[in-house]
Amino acid sequence: MSNTFTETTSESWFSRIGNSLKALIFGLLLFVISFPLLFWNEGRAVKTAKSLNEGESVTVSVASDAVDPANEGKLIHTTAMATTEELLRDEMFGIETNAIRLTRVAEMYQWKETKEQKRKKKLGGGTETKTTYTYNKAWSPQVIDSDNFKQSDGHKNPDSMPVSGNSTDAGNVALGAFRLPADLISRIHGSEPIALSESNIPEQYREAMSLRSSGELYLGSDPDAPQVGDVRIRFQSTPAAEVSVLAQQKGDTFQPYQTEAGRALSMLEMGKHDVAEMFQHARDQNKMLTWILRAVGTGMMLGGLMMLMSPLAVLGDVIPIVGSIVSGGTFIVSALITLVLAPMTIAVAWIFYRPLVAVPLLLVSALGMYLLLSRRKSKAPPEVMTLDDAV
């Protein structure tokens, strides 16, 4: 069940002019930052790619059943079952299990606010905005601050959770004869539910908490009709699993391997993967991150340019249809400028970071453009001789 609240606000043309001037300053900041971001991203991608190539060329695959001192300081690869003999315990609920990770998942039933805005331009440059706030109840692992709701009356959430979630990792996880450091242990994932019983209900909640048929504990009066503030709790464990590790050997454990190219390499993947697969996965991740940051930088440049031109659109909004035309025009101009400057920035970065690749490509492109223009000239139609020319 949900309820809604609609608020209508108006903004004058003069107020919009003032806000657009503020946006202009922020837009200038976005526009300026986009250049170093795009440039840095290309350098990051190149450094990572070189580090991966360097790492793959020196990696040594080893068996996990013994630690060979001859491999001390080397970048090694091994695959085995990650296991532990530790018993992890949740003192509050009296749960004890042999696992790599013990996780308590707690969610509280709370009010959640969403909003939808519709803005309409008015003659004279002002705007009218209708904002519809919708309030629904939902389960959330975090406390939702209802004090910031537009309509907090009747939609009050508790300030804290009586029982919160947490996670505990085993401190001693073996990979054959090796020990995994904490940073690699944290990358192991996978979960299995832990069966609960009424004996797991803490003494202080004996009257208010119950065990559901689904296996979770419920803190509230009626699980079939949850109320704001009710909490549901379940437990899960991360069991022993086969993993593949690629890192520097340090005694009987691992640490990041520092490459001469600049990046430190330390990888863990679930399942059995050989050296080539792990490095290919890392290259794929690097490529994906590179394109994501290119998109972010390009978007910042476009958004910044549009903010820089926003006062023009507001000025045109004195007559709404004129403002819409101006807004469309500023978008097209901003997009065209971005389509020139963003690739140019990336190209300059390539010349700086990859001159042996970028310069030949630029020369080939320039040669291709020259040949194309020369061919077009040679195919130009012959001039027609007139009587005056003959004379």
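Residues numbered from 1 in each chain as written. Predicted model: local features only at pLDDT ≥ 70, side-chain atom pairs only at ≥ 80, totals over all residues. Heavy atoms only, no water.

### Some points on the overall build of the protein chain
What counts here: By the criteria applied, helices consist of DSSP H or I runs no shorter than four residues and strands consist of E runs no shorter than two, each listed in order from the N terminus. A 1.4 Å probe rolled over the protein chains alone gives each residue an accessible area, and that area as a share of the maximum for its type sets the label: buried under 20%, exposed over 50%, partly exposed in between. Throughout, a residue-residue contact means that at least one pair of heavy atoms, one from each residue, lies within 4.5 Å. The accessible surface values rely on the Shrake-Rupley method and a 1.4 Å probe; as for residues, cover is taken only from the protein chains in view.
A count of helices and strands for the protein chain gives seven helices and 19 strands. Sorting the 391 residues of the protein chain into buried and exposed places 35% on the buried side. Within the protein chain, counting contacts between residues at least 6 apart in sequence, those at least 24 apart form 72% of the total. As presented, the protein chain carries roughly 22600 Å² of accessible surface, and 60% of it is formed by carbon and sulfur atoms.

### Considerations on the pattern of salt bridges
Inclusion rule: Only one rule defines a salt bridge in this text: a Lys or Arg side-chain nitrogen within 4 Å of an Asp or Glu carboxyl oxygen.
With the rule as written, the count across this model stands at 13 salt bridges. Asp169 is the salt-bridge partner of Arg101, the closest N and O atoms lying 2.6 Å from each other. Pair noted here: Arg101 is in strand β6 (residues 101-121) and Asp169 is in strand β8 (residues 166-169), with a separation of 68 residues, a long-range link. Given a relative accessible area of 11%, Arg101 falls into the buried group.

### Quick word on the packing of aromatic side chains
Filter applied, for reference: Centres within 6.5 Å are what make two rings of Phe, Tyr or Trp a pair, Trp counting through its six-membered ring; a difference in plane orientation under 30 degrees is then read as stacked, over 60 as edge-to-face, and the rest as tilted. Any Lys NZ or Arg CZ that is within 6 Å of a ring centre and within 35 degrees of that ring's normal is treated as a charge sitting over the ring.
Scanning the entire structure with this criterion turns up ten aromatic pairs. Measuring from ring centre to ring centre gives 5.1 Å for Phe31 and Phe35, while their planes differ by 90°; the resulting arrangement is edge-to-face. Of this pair, Phe31 and Phe35 both sit in helix α1 (residues 13-58), four residues apart, which is roughly one turn of the helix. For the pair Phe352 and Tyr353, a centre-to-centre distance of 4.9 Å together with 85° between the ring planes defines the contact as edge-to-face. The exposure class of Phe352 is exposed, given its relative accessible area of 57%. Grouped by ring-pair contacts, the aromatic residues Phe39, Phe352 and Tyr353 constitute a single cluster. A cation sits over an aromatic face here: Arg294 above Trp291, 4.5 Å from the ring centre.

### As for a nonpolar patch on the surface
For clarity, the threshold we go by: Like-charged residues within 9 Å of one another, or nonpolar side chains (Val, Leu, Ile, Met, Phe, Trp, Tyr) within 5 Å, are grouped into patches, provided each residue has over 30% relative accessible area and no salt bridge.
Taken together, the side chains of Met306, Phe331, Ile332, Leu336 and Leu339 present a nonpolar region at the surface, about 500 Å² in accessible area. It is helix α5 (residues 320-353) that contributes the most residues to the nonpolar patch, four residues altogether. Mapped onto the elements of the fold, Leu339 is located in helix α5. With relative accessibility at 60%, the residue Leu339 sits in the exposed group.

### Here we look at the pairing of β6
As a reminder, the rule being used: Two strands qualify as a pair provided that DSSP identifies no fewer than 2 bridges between them.
As judged from the four bridges shared by β6 and β8, these two strands associate in the antiparallel manner. In the strand pairing of β8, Arg101 is matched with Asp169. Bridging between β6 and strand β14 (residues 231-238) involves eight bridges; their strand directions are antiparallel. Bridged to Thr103 within β14 is Gln236.

### Some remarks on the confidence of the model for the protein chain
Keep this limit in mind: Think of pLDDT as the predictor's per-residue confidence, scored from 0 to 100.
Mean pLDDT for the protein chain: 87, with 86% of residues reaching 70 or above. Under a pLDDT of 50 for its full length, residues 384-391 has, in the predicted model, two contacts with residues more than four places off or in other chains.

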